[in-house]
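Coordinate inspection notes
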Amino acid sequence: MSVLFANDQGWLLDPCSLINAGFERCFSGNTGLFFRSRFNKQYFNLLKPHIVDKEQTTNSPSINTPTLPATIDLKTRKKRKRKRSDLNQGEVDAEVFHGKVRLLVLEGSKSLVEAGHHCGYLIKDLPAEQSEQTPVPECQLAALCDMAKQLLAVENSAPRIQAVQGHADVDSHLNLFSCLTENPNDFAREVTLMGQKYFLPPRSRFLLSDFTRIQPLVHSGKKFDLIVLDPPWENKSVKRSSRYSFLPSSQLKQLPVPAVSAAGCVVVTWVTNRPRHIRFVREELYPHWGVKLLAEWLWVKVTQTGEFVFPLDSPHKKPYEVLLLGRICTDSTSTTRPEECEIPDQRLIISIPSALHSHKPSLSAVLRPYISPNARCLEMFARSLQPDWTSWGNEVLKFQHHSYFTTESLDSTCNNATDLQVAAGVTDTSAQH
């Protein structure tokens, strides 16, 4: 269960359990057996804040949780507090925005964190022994997307959707860059793609490409009722680290969101805390796409003890990120269909963040009440897959790599003859689409 607690302030999420829900039954074509797969829990073992400011710890209010033991050596920063007159316009705008949401984060987090302690998701005491951080494998998918640009364009007669077969020799011939690839089964699959082993959730589809090769998604003919975007926003730290490529705001307008949206489609965009990015989505991007802004949510990141990962009033980094939610609107459609609920404003999502860069929690569970029961869902700039979702991005398989998972055997009764026949007899469904 990924939503551990919900109230009128928001939701307490366990992102790792939501990932695992899709891998209760996973089939390996190599062994011919089913097994259970688990995302490595160590990536969510955040025991202490990244930064604790000494002055802030003693003088400022915090979430109603136990303080950390004095034996832990925490980083402190002693810097002269800059006068407001020394701040540039972006920093002034950031202060203004923080002032608007500060009380919401502070007060709204209390009941959700208390619920986390009550259900055991959050702990009161740190363990005596701390496990070592699991190494992060290097991802070469973005580089492969660049190489794929040299490939010839796929003919119009080629299938728009291709299914994995679960056999390395067959799947090695799949063109992942020019059409949607899917696992059509009701169970997860272990597959070998481009010489690497990945776990694909049930009924998941993906397109591995960058911004310049997104046409197969548009040409698939699918219209989506929910679109979640996590754009690679341009900022100084990204430029310095070269960890991933960024996309200028002006190019985001060229994304084919209207072309792949069904009437009344819910559009959700992750935004950095930079006010200029928030203003861009509010005032330019959403109006350009025909999206009516309905709500602003905050993802609040906490440690295993329930403390903010950064001091709430830190001038450098905040313990929250912004989500802007809206709906595609036309003159002939209302903002809400009869079977859908109105999207509430000013809600919090509380969870322990992943240690993996840009590994956002899935929003499928919290957004379910605001979309139709059989909604088609799309994630753009994705780095992982979800059951029943279509995902696109130049690192779309990144967190599906087998090295992020552990596996365990299932009871032999799960590997019955019917299951094995279904797993081994998957047909190419591309001709049906």
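Before any of the text, the structure's been laid out above.
Residues numbered from 1 in each chain as written. Predicted model: local features only at pLDDT ≥ 70, side-chain atom pairs only at ≥ 80, totals over all residues. Heavy atoms only, no water.

Thoughts on the sheet that holds strand 2 (residues 10-13)
The following threshold applies: The rule for pairing is simple: two strands pair if DSSP sees at least two bridges between them. Secondary structure is summarised from DSSP: a helix means a run of H or I of at least four residues, a strand means a run of E of at least two, and numbering begins at the N terminus for each. Working convention: axes come from line fits to C-alpha atoms, limited for helices to the stretch in contact. Angles between N-to-C directions cover 0 to 180 degrees. Contacts are assigned to residue pairs that have any heavy atoms within 4.5 Å of one another.
Spatially, twelve strands are ordered 1-2-14-12-13-11-10-15-16-9-6-5 in an open sheet, and the strand pairing comes out mixed. Sheet topology places strand 1 (3-7) and strand 5 (161-163) at the edges, where each strand pairs with a single neighbour. For this sheet, the mean angle separating the axes of adjacent strands, direction not counted, is 20°. As paired strands, strand 10 (residues 224-229) and strand 11 (residues 261-271) are joined by five bridges and run parallel to one another. Its bridge partner lying in strand 11, Val228 is registered against Val268. Seen against the sheet, helix 3 (residues 89-119) touches strand 1, strand 2, strand 12 (291-301), strand 13 (320-328) and strand 14 (347-351) and runs at an angle of roughly 50° to strand 14.

Side note on the sheet that holds strand 17 (residues 405-409)
If you trace the five strands from one edge of the open sheet to the other, you get 8-7-3-4-17, paired in mixed fashion. Taken across any chain shown, the strands that pair with only one partner, and hence form the sheet edges, are strand 8 (196-200) and strand 17. Averaged over all adjacent pairs, the angle separating strand axes in this sheet is 40°, with direction ignored. Bridge analysis of strand 7 (residues 188-193) against strand 8 gives five bridges, and the strand direction is antiparallel. Bridged to Val191 within strand 8 is Tyr198.

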